[in-house]
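# Close look at the chain arrangement
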Amino acid sequence: MIVDANPGPYSFDPATTALVIIDMQRDFCEPEGFGETLGNDVSLLRSVIPPLQQVLATARALGMTVIHTREGHAPDLSDCPPAKLNRGNPSLRIGDPGPKGRILIRGEYGHDIIDELAPLPGEPVVDKPGKGSFHGTGFGDLLREKGISSLVVAGVTTEVCVHTTVREANDRGYECLVLSDCTGSYFPEFHRVALEMIAAQGGIFGWVAPSSALLAALE
Ligand code: C5J
């Protein structure tokens, strides 16, 4: 199948392609979580949800591999480097108790994926301590086990966890398509430029297309 993408056609086989949904967690997408403690307007991420719900429904209907990721840490913070824990001047730090549970801690309500995009039983959920999906996780092994060679990437935030994952995947030989309207940032300018960076120089990290182009190819 071929998607009309930037910088050119993106070809993929749904049988060897995974839809990877990055960090659509309450901690990033809803008030009173990690994103808000850093001073961000989390409502800016909400526009991602409706188109991503449509892509997710289509991928599931076609039997494509769907993988969710969550950024977060063990309750004892043993996998949270001090460099991450102590950085910046948030209103609450990682591990502090907040209205939605301890900030960015696995097992807490705020750490989980938003109801609108909740994983189905059997869909892998990769818990990652970092921004990229490969670092400190079984994500690479999972892709190999499932025979995946291409990734359709969505989620938040575009210039942080989406970008890091796409860069890691690109270096490992995966062909990545990033869905422009199914990714989002607290900084619209960063979102725009991050997408440009992926497709620049002949697709230095991959391809970019709106979800409508992917859905047109899948129909
Ligand atoms: C951030 C992420 N922005 N999921 N994490 O800290 O992009």
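The numbering scheme is per chain: residues are counted from 1 as the chain's sequence reads. Confidence filtering applies because this is a predicted model: local features only for residues at pLDDT of at least 70, side-chain atom pairs given and counted only at 80 or more, and all residues used for totals across whole chains, interfaces and linings. Excluded from the side-chain calculations are hydrogens and water; all other atoms, namely the structure's heavy atoms, are used.

### Let's talk about the pattern of salt bridges
If the charged atoms of two oppositely charged side chains come close together, the side chains can form a pair. Salt bridges are counted wherever a side-chain nitrogen of Lys or Arg sits within 4 Å of a carboxyl oxygen of Asp or Glu. If you walk through the whole model with that rule in mind, you get 13 salt bridges. Notably, a salt bridge pairs Lys128 with Asp23, separated by 2.8 Å at the nearest N-O pair. Here Lys128, found in strand β7 (residues 125-128), pairs with Asp23, found in the loop between β3 (17-22) and α1 (26-29); they are 105 residues apart in sequence, far enough to count as distant. Taken individually, Lys128 and Asp23 each receive the classification buried, so the pair is uniform in this respect. Note on conventions: DSSP H or I runs of at least 4 residues are helices, E runs of at least 2 residues are strands, and numbering of each starts at the N terminus. Partly exposed residues are those whose accessible area sits between 20% and 50% of the maximum for their type, while under 20% is buried and over 50% is exposed, using a 1.4 Å probe and protein chains only.

### Some details on the confidence of the model for the protein
Mean pLDDT over the protein stands at 98; residues scoring 70 or higher make up 100%. Note on the complex model: pTM 0.98, ipTM 0.95. Confidence of the predictor at the level of single residues is given by pLDDT, which spans 0 to 100.

### Observations regarding helix α8 (residues 211-218)
Judged by how many residues are buried, α8 sits mostly within the fold: 6 of 8 residues are covered. Taken together, the buried positions of α8 are Ser211, Ala213, Leu214, Leu215, Ala217 and Leu218. Any two residues having at least one pair of non-hydrogen atoms within 4.5 Å are treated as being in contact. Contact partners of the buried residues in α8: β1 (2-3), α3 (49-61), β8 (150-156), β9 (175-184) and β10 (207-209).

### Topic: the site of the ligand
The criterion for a residue being near a molecule or strand is simple. One of its heavy atoms has to lie within 4 Å of it. In the region of the ligand, the neighbouring residues are Asp23, Phe28, Phe34, Glu71, Lys131, Val156, Thr157, Val160 and Cys161. Identification of polar contacts relies on pairs of N or O atoms within 3.5 Å, with a donor-acceptor requirement for protein atoms, meaning one able to donate a hydrogen and the other able to accept it, and with residues adjacent in sequence counted only if both atoms are side-chain atoms. Glu71 is positioned with one of its side-chain polar atoms (N or O) 2.9 Å from a nitrogen atom of the ligand. A distance of 3.0 Å separates an oxygen atom of the ligand from a polar atom in the side chain of Lys131. The Shrake-Rupley method, run with a 1.4 Å probe, gives the accessible areas here. Residue values count only the displayed protein chains as cover. Calculation on the ligand without its partners gives an accessible area of 230 Å², and the protein chains cover 92% of this total.

### Quick word on the pairing of strand β4 (residues 65-71)
A large share of β4 lies buried, amounting to 7 of its 7 residues. Bridging between β3 and β4 involves 5 bridges; their strand directions are parallel. For Ile21, the partnering residue across the bridge sits in β4 and is His68. Each pair of strands is called paired provided DSSP finds at least two bridges between the two strands.

### Considerations on the packing of α3 against α8
Between α3 and α8, whose axes approach to 10 Å, the crossing angle comes to 20°. In terms of orientation, α3 and α8 fall into the roughly parallel class. Handedness of the crossing formed by α3 with α8: left-handed. On the side of α3, the interface is formed by Pro51, Gln54, Val55 and Thr58, while α8 contributes Ser211, Leu214, Leu215 and Leu218. Of the residues contributing to the contact of α3 with α8, the split by class is 5 nonpolar, 3 polar and no charged. Fitted lines through C-alpha atoms give the axes, limited to the stretch in contact for helices. The angle between two N-to-C directions lies from 0 to 180 degrees. Comment on the angle field: the value is read as roughly parallel under 35 degrees, roughly antiparallel over 145, roughly perpendicular from 65 to 115, and oblique elsewhere. In a left-handed crossing the near helix is turned counterclockwise from the far helix by less than a right angle, and in a right-handed crossing that turn is clockwise. Under the convention adopted here, Pro, Cys and the residues Ala, Val, Leu, Ile, Met, Phe, Trp and Tyr are nonpolar, Asp, Glu, Lys and Arg are charged, and Gly plus all remaining residues are polar.

### Regarding unusual backbone geometry
It is generally the case that most residues other than glycine have a negative phi and that most peptide bonds are trans. The linkage connecting Asn6 with the following residue, Pro7, adopts the cis geometry, with an omega of 10°. Mapped onto the elements of the fold, Pro7 is located in the loop between β1 and β2 (10-11). Here the amide bond leading from Val156 into Thr157 is cis, since omega sits at -15°, within 30 degrees of zero. Within the secondary structure layout, Thr157 lies in the loop between β8 and α6 (158-171). A positive phi angle is found at Asp23, which is not glycine, with a value near 55°. For Asp23, a relative accessible area of 0% gives the class buried. Although it is not a glycine, Leu104 adopts a positive phi angle of roughly 60°. Tracing the chain through its elements places Leu104 in the loop between β6 (101-102) and β7.

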